[in-house]
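Topology and contacts: notes
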Amino acid sequence: MSRKKDPSVQHLRDSSAKLDNTVCEKDENQDLLALKRLIYRMPDREAPAGLAQSILSSLEPKTVPGWVRIYRWALRPRTVTFQPLKLVPAAMVLLLGLAIAFQFAPWRKDPGSMDPRQASLIPVTFTLSYPKAESVSLIGSFNQWNPAGHRMRQIGDLNTWVLELRLPEGRHEYAFLVDGKMVVPDQSSPFYQSDGFGNRNSVLFVSRDEPANI
Amino acid sequence: MNRQIFRNSFILIVATLLVGASLYVQAQPAETSVTASVREARQAGVAETVLNQLLILAADHRLEDEGVVRLVNFVQTVQTEDLSIGPFMGKIEEGLAKQIPLNTIATVLAQKLDDYRFVRKVLRRKTGEQEISHQDLSRMVGSLDGGIAREELARFILQAPGQNLSMLARASEILALLKQVRFNDTLTQEILFTGLGNDSLNQSWDYLARVVATAKRRQIPDDEIARAAQEALEAKRPFKDFMATLGFTPRDLRHGPAVGR
Amino acid sequence: MDGNDEQNCIDRVLRGEVNAFGTLVERYQKPIFNLMYRMAGSSDKAADLTQETFIRAYQKLERFHPGKKFFPWLYSIGLNLARDFARKKTWNPEAGSTLNPESFSGCNSPGDQHDRMCESLEFLRLEKALNELPLIYREALILRYHDECSMRDIAAALNLSVSAAKMRVHRGLDMLREQYIRRNP
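Source: prediction; values computed, not measured. Positions within a chain are numbered from 1, following the residues in the order the chain's sequence is written. Written order determines the labels here, with chains lettered from A and ligands numbered from 1. Only residues with pLDDT of at least 70 are given local features in this predicted model, and only at 80 or more are side-chain atom pairs given and counted; all residues enter the totals for whole chains, interfaces and linings. To get the side-chain values, all heavy atoms of the structure are used, and hydrogens and water are removed first.

Our next topic: the overall build of chain B. Across its full length, chain B carries 13 helices and one strand. When the helices and strands of chain B are listed from N to C terminus, the series reads α-α-α-α-α-α-α-α-α-α-α-α-α-β. By residue count, 50% of the 261 residues in chain B fall in the buried class. Any two residues having at least one pair of non-hydrogen atoms within 4.5 Å are treated as being in contact. When contacts within chain B are restricted to residue pairs at least 6 apart in sequence, long-range pairs at least 24 apart make up 73% of them. In this description, accessible areas are obtained by the Shrake-Rupley approach with a 1.4 Å probe, and a residue is regarded as covered only by the protein chains that are shown. Here chain B has roughly 12,900 Å² of accessible surface; of this, 51% comes from carbon and sulfur atoms. In DSSP terms, a helix is any run of H or I states spanning at least four residues, a strand is any run of E spanning at least two, and both are numbered starting from the N terminus. For every residue, the accessible area obtained with a 1.4 Å probe (protein chains only) is divided by the maximum for its type, and the residue is called buried under 20%, exposed over 50%, and partly exposed between those limits.

Attention now moves to the pattern of salt bridges. A side chain of one charge can pair with a side chain of the opposite charge when the charged atoms of the two come close. Here a salt bridge means any side-chain nitrogen of Lys or Arg lying within 4 Å of a carboxyl oxygen belonging to Asp or Glu. Summed over all chains, the structure comprises 28 salt bridges over all chains. Its salt-bridge partner being Arg 170 of chain B, residue Asp 206 of chain B comes within 2.7 Å of it at the nearest N-O pair. One end of the pair, Asp 206 of chain B, is in the loop between α10 (185-197) and α11 (208-217); the other, Arg 170 of chain B, is in helix α9 (residues 165-180), with 36 residues separating them in the sequence. In this structure, Glu 139 of chain C and Arg 38 of chain C form a salt bridge, with 2.9 Å as the shortest nitrogen-oxygen distance. Taken together, the positions of Glu 139 of chain C in helix α6 (residues 135-146) and Arg 38 of chain C in helix α2 (residues 18-40) put the pair 101 residues apart, joining distant regions of the chain. The residues Glu 139 of chain C and Arg 38 of chain C share a single accessibility class, namely buried. Each of Arg 171 of chain A together with Arg 139, Arg 170, Glu 173 and Asp 206 of chain B takes part in salt bridges that share partners, so that together they form one network.

Residue and element names in this part refer to chain B. The span one expects for a helix is its residue count, reduced by one, times 1.5 Å. Between its terminal C-alpha atoms α9 stretches 23 Å, which fits the 22 Å expected from 16 residues at 1.5 Å a residue. The buried fraction of α9 amounts to 14 of the 16 residues, a majority that puts the element mostly inside the structure. Regarding α9, its N-cap is Asn 164, as a side-chain oxygen of that residue lies 3.0 Å from the backbone nitrogen of Ser 166 further along. Looking one or two residues beyond α9, the residue adopting positive phi is Arg 182, at roughly 65°. A 3.5 Å cut-off defines polar contacts: any pair of N or O atoms within that distance qualifies, except that in protein one atom must be a possible hydrogen donor and the other a possible acceptor, and neighbouring residues in sequence count only when both atoms are side-chain atoms.

If pLDDT is low for a region, its predicted coordinates should not be looked at in detail. Residue and element names in this part refer to chain C. Summing up the model confidence of chain C, the mean pLDDT is 79 and the portion of residues at 70 or higher is 80%. Within the model, the stretch residues 91-118 combines pLDDT values under 50 with 69 contacts to residues more than four positions away or in other chains. With pTM at 0.56, the complex prediction returns an ipTM value of 0.79. One number per residue, pLDDT, summarises how confident the predictor is, and it ranges from 0 to 100.

Put into structure tokens, the structure is as follows:
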């Protein structure tokens, strides 16, 4: 399709001028440049808080055969530098160093060690007993009251809903969203906050310090 | 005759010019209300991220233009009053997520703004022009949503000893929480005033209400709880000591969502 | 975090450290979530699809070539899921916000596009125009101009040759321009 014939584009041109290709091309380039800039600056939507944790909690540790790991290690590109005159001893040192690194890698952390960002969050388990609910989600100040990614799962007698999350220290307001429409406070929490809309949010205090871990 | 022709021609030309001018004016893009409100808000200092977030919320929740303008104007008002926009954006998100009608959200926002103005006014009476952080102010205002009436909060703030506004904010929050668990009002004030007067109501006492709630469930009398708290606060002992006085371990205090598992 | 750090994360995951995968999730959940949101039009569904993408990537992690970049590989998994989703359900971009950017005539000429004042609203219009494009063209543009990927990475993410990826970006930009102008006469 020729843009020059497209009537929706014509009005952008100076209607009084006899256009030449140069003018059209310059305008088009400016349009495209502006669009590229706009795409670049387009704001991203934030992923729901707790999504990462939700993903991780559904994963089981991998047990990959040793030969696969060795194969992958061998495939991994590495940069090696050497001086020709010192080739032999340097090569021997390098080989020895790589062998040691593979077996006793100093960067190798203990299994179960955590990304520092994850480690700063504190695990919390939310529970709700609600017979006959089709779905229950957790909404609160920690996820901008957005149920996405915070669906609770049924356990036990199927009247009980559970969700495990990691939350930062501090005070949080929350409620349960039943069947996508009913806002239900947590009866097990003694503290509440009126939301101003006629509902009550429950209040939770999260602390790393064990005496206050309540 | 010539005069007539001249006059008619003149009228025709003037009429044409007038019509042409009005068509030109119409052809110019009229500034819409949303555009104008976004521009004004930006000029007033509202952050780009806040405006983008509002517009995204509006798109997600299919708000009409009028609703968007209302929210943008409101956020601008908050900005010009030098208040933190965070709590208000949180309330907007909450209201939209709970599918509250926009009129109701607007009413609640206006009420919240009024609460902020009220608390700030009370604080000025107490401390003059002493600065209070947004977080501490929000905490005090939050006690109103926790069940404390304005008059009660004002009285509490004005009568409270000490000049530490962060501690006063903490005390306001605890005031509301202890009322929720039906702890004796007089004893509540005594505890909090002791902590404020001795400058000992520090961050570790944030969890006082949880301890009190659990103690009450165990049938420990209010005055015994109050005595233990006041002794610890007077002597500036750690919060753990207060808990130990009541015979608590962390395991005893677990209720509500399970933290730390 | 560079390629080496990512490889280290992957190595740790393959040694049984699930939490090491969290680093990759934290890093890339936003672009994947946004890809899925463009596809599904709802945060809820987008979150589900994002979760599914990472789970699939985790399941296939042994097959991920150590010399390659993780993000294009992850993106290609996400795109396949997005395509599957699209086959089952159509997202009607017109069913989006009644905010109706077409009614905002304050910023409708190319000259005004440089006016920062209108940019917030322009994003909504841009989003609508992008959603009119076929998936591959749209994602080619996002990867190129928003995520600043190289053509090689875009080709890997879209499962195309580099020249085909270049063509998608070029043609996609033309198509976007037509859509954008059509919506903002």
